[in-house]
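Each chain is listed here by its residues.
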Amino acid sequence: MSMFGFGARQPTSAEKIAAVENELKMIATMHARMTKICSQKCIDATYREGDLAKGEAVCLDRCSAKFFEAHQKISDQLQSQSQAMAGAGGGGGFGI
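Quantities reported herein were computed from a predicted structural model and do not represent experimental measurements.

The rules we used
Residues numbered from 1 in each chain as written. Predicted model: local features only at pLDDT ≥ 70, side-chain atom pairs only at ≥ 80, totals over all residues. Heavy atoms only, no water. Patch = residues over 30% accessible without salt bridge, like charges linked within 9 Å, V, L, I, M, F, W, Y side chains within 5 Å. Areas by Shrake-Rupley, 256 points an atom, 1.4 Å probe, with all protein chains shown as cover. Salt bridge = Lys/Arg side-chain N within 4 Å of Asp/Glu carboxyl O. Helix = DSSP H or I, 4+ residues; strand = E, 2+ residues; numbered from the N terminus. Buried < 20%, exposed > 50% of the residue type's maximum accessible area, 1.4 Å probe, protein only. Core = buried A, V, L, I, M, F, W, Y, C linked by side-chain atoms within 4.5 Å. Contact = heavy atoms within 4.5 Å. Disulfide = S-S within 2.5 Å.

**Thoughts on a nonpolar patch on the surface**
A surface patch of nonpolar side chains, about 350 Å² in accessible area, is lined by V20, L24, M26 and I27. By the secondary structure assignment, I27 is in helix α1 (residues 13-42). Among the residues examined, I27 registers a relative accessible area of 41% and is labelled partly exposed.

Written as structure tokens, this is what we have:
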């Protein structure tokens, strides 16, 4: 909070740590979902070869890129909506 009691409250160290932990959990969850979905889509379940075939590798690359792009777009939209809601309900300064 600012000297005059206006402005946003600053997060504590514990809140910052919790936010980082939540971010890491979200990234780990996204990675697990992406791995599962793209593996099911791109890798033959019979495992005929020890290495990935070229088609499987290309499919995995494209699938993971699309998954990440979709995740990024959704995250950006949610963040902008969250900021818009915070801005609409906030205020409390000089002339605001």
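**With respect to the nonpolar core**
Counting residues in hydrophobic clusters, the biggest one holds seven residues: M30, M34, C38, C42, L60, C63 and F67. Those elements that place two or more of their residues in this core are α1 and α2 (54-89). Here this core gets four residues from one element, more than from any other, and that element is α1. Contact partners of C63, with chain neighbours within four places excluded, come to C38, K41 and C42.

**As for unusual backbone geometry**
Positive phi outside glycine occurs at Y47, with the angle close to 50°. Topologically, Y47 is positioned in the loop between α1 and α2.

**A look at the pattern of salt bridges**
In the structure shown here, the tally under the stated rule is two salt bridges. Measuring nitrogen to oxygen at the nearest pair gives 3.7 Å for the salt bridge that ties D44 to R48. Owing to a relative accessible area of 32%, D44 belongs among the partly exposed residues under this scheme. We classify R48 as exposed; its relative accessible area is 72%.

**Digging into the state of the cysteines**
Tallied over the entire structure, the rule returns two disulfides. Between the sulfur of C38 and that of C63 lies a disulfide, 2.0 Å long from S to S. Taking the sign of the S-S torsion, about -85° here, the bridge from C38 to C63 comes out left-handed. One end of the pair, C38, is in helix α1; the other, C63, is in helix α2, and 25 residues separate them in sequence. The pair formed by C38 and C63 is uniform in burial state, with each residue classed as buried. Sulfur-sulfur distance for the disulfide between C42 and C59 comes to 2.0 Å. Every disulfide takes its handedness from the sign of the S-S torsion; for C42 and C59 that torsion is -65°, giving left-handed. Taken together, the positions of C42 in helix α1 and C59 in helix α2 put the pair 17 residues apart, joining distant regions of the chain. If one numbers only the bonded cysteines of the chain, in the order they occur, the disulfide pattern is 1-4, 2-3.

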